[in-house]
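What follows is each chain in one-letter form.
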Amino acid sequence: MMDAEPAPEPGEDSSGESRFRAFRQAEALVESRRPLDALKALEPLLEHETDKPSVQLLAGRAYFHSAQLRRAERAFTRVLELDPTDHYARFVLGRTLQRLGRLTEALAQMRIASAMHPIPEYLEAISEVSARIALRD
């Protein structure tokens, strides 16, 4: 699930168009399981588009898939600062916290995501994390 892409504004110069192409390239690289290449493609956007939720979300996904979990956490947290209603960012923040072993925090984020958008994937993740917490306690 993706936010709106960073579309060039009317009259924007070629650097805006190149950032748009970089976003699309990074998106394709994440989808094809090449997160480090995606992060390279995202570099110009991460410098110039820091307040765009779509850029932060894509960077977070690339960080997550390349096991850069603290960076993923920061990116997903930034998405939620910019758009607190993004249920997918909340869910993947929960998955990131889960991989970091912060299960109680993960569960809280997953529950919020599920309350916002109750889909089976979110509910299954809640069950999984809840079971891990029960085993730990």
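The text that follows walks through the structure, step by step, so that each part is easy to find. Because the structure is a prediction, the values reported are computed rather than measured. (Residues numbered from 1 in each chain as written. Predicted model: local features only at pLDDT ≥ 70, side-chain atom pairs only at ≥ 80, totals over all residues. Heavy atoms only, no water.)

1. Overview of the pattern of salt bridges
Reasoning step 1: Enumeration according to the criterion identifies 10 salt bridges in this entry.
Reasoning step 2: A salt bridge links Glu49 to Lys52; the nearest nitrogen and oxygen atoms lie 3.4 Å apart.
Reasoning step 3: Linking Glu81 and Arg78 is a salt bridge whose minimum nitrogen-to-oxygen distance equals 3.0 Å. Of this pair, Glu81 and Arg78 both sit in helix α4 (residues 69-82), three residues apart, which is roughly one turn of the helix.
Reasoning step 4: Taking the relative accessible area as the measure of exposure, Glu81 reaches 52% and is therefore exposed.
Reasoning step 5: Bridged by salt links that share partners, the residues Arg19, Glu49 and Lys52 form one connected network. (Salt bridge = Lys/Arg side-chain N within 4 Å of Asp/Glu carboxyl O. Helix = DSSP H or I, 4+ residues; strand = E, 2+ residues; numbered from the N terminus. Buried < 20%, exposed > 50% of the residue type's maximum accessible area, 1.4 Å probe, protein only.)

2. Let's talk about the packing of aromatic side chains
Reasoning step 1: Here the structure, examined in full by the defined rule, presents one aromatic pair.
Reasoning step 2: One Lys or Arg, Arg99, reaches over the ring of Phe64 and ends 4.6 Å from the middle of that ring. (Phe/Tyr/Trp six-rings, centres within 6.5 Å; stacked < 30°, edge-to-face > 60°. Lys NZ or Arg CZ within 6 Å of the ring centre and 35° of its normal.)

3. Observations regarding unusual backbone geometry
Reasoning step 1: A positive phi angle, close to 65°, is found at Arg33, a residue other than glycine.
Reasoning step 2: A positive phi angle, near 60°, is found at Ala67, a position not held by glycine.

4. Observations regarding α4
Helical geometry: 3.6 residues make up each α-helical turn, so side chains three or four residues apart lie on a common side.
Reasoning step 1: In this model, α4 (14 residues) spans 20 Å end to end at C-alpha, consistent with the 20 Å of a helix rising 1.5 Å per residue.
Reasoning step 2: Looking only at α4, the buried set comprises Leu69, Ala72, Glu73, Ala75, Phe76, Val79 and Leu80. The arc that holds every buried residue of α4, seen down its axis, measures 165°, which confines them to one face. Away from its buried face, by an angle of more than 90 degrees, α4 presents the exposed residues Arg74 and Glu81.
Reasoning step 3: Summarising the contacts, the buried residues of α4 are in contact with α3 (53-65), α5 (87-99) and α6 (103-116). (Expected span 1.5 Å × (residues − 1). Arc of directions from axis to C-beta. Contact = heavy atoms within 4.5 Å.)

5. Observations concerning α5
Reasoning step 1: Taking 1.5 Å of rise per residue, the 13 residues of α5 would be expected to cover 18 Å, and the 19 Å separating its terminal C-alpha atoms lies within 8% of that figure.
Reasoning step 2: Among the 13 residues in α5, 11 count as buried, and that is most of the element.
Reasoning step 3: What α5 keeps buried is the set His87, Tyr88, Ala89, Arg90, Phe91, Val92, Leu93, Gly94, Thr96, Leu97 and Gln98.
Reasoning step 4: If you follow the buried residues of α5, they end up packed against α3, α4, α6 and α7 (120-136).
Reasoning step 5: In this structure Asp86 caps α5, since a side-chain oxygen of it lies 3.1 Å from the backbone nitrogen of Tyr88. (Polar contact = N/O pair within 3.5 Å; in protein donor to acceptor, adjacent residues only side chain to side chain.)

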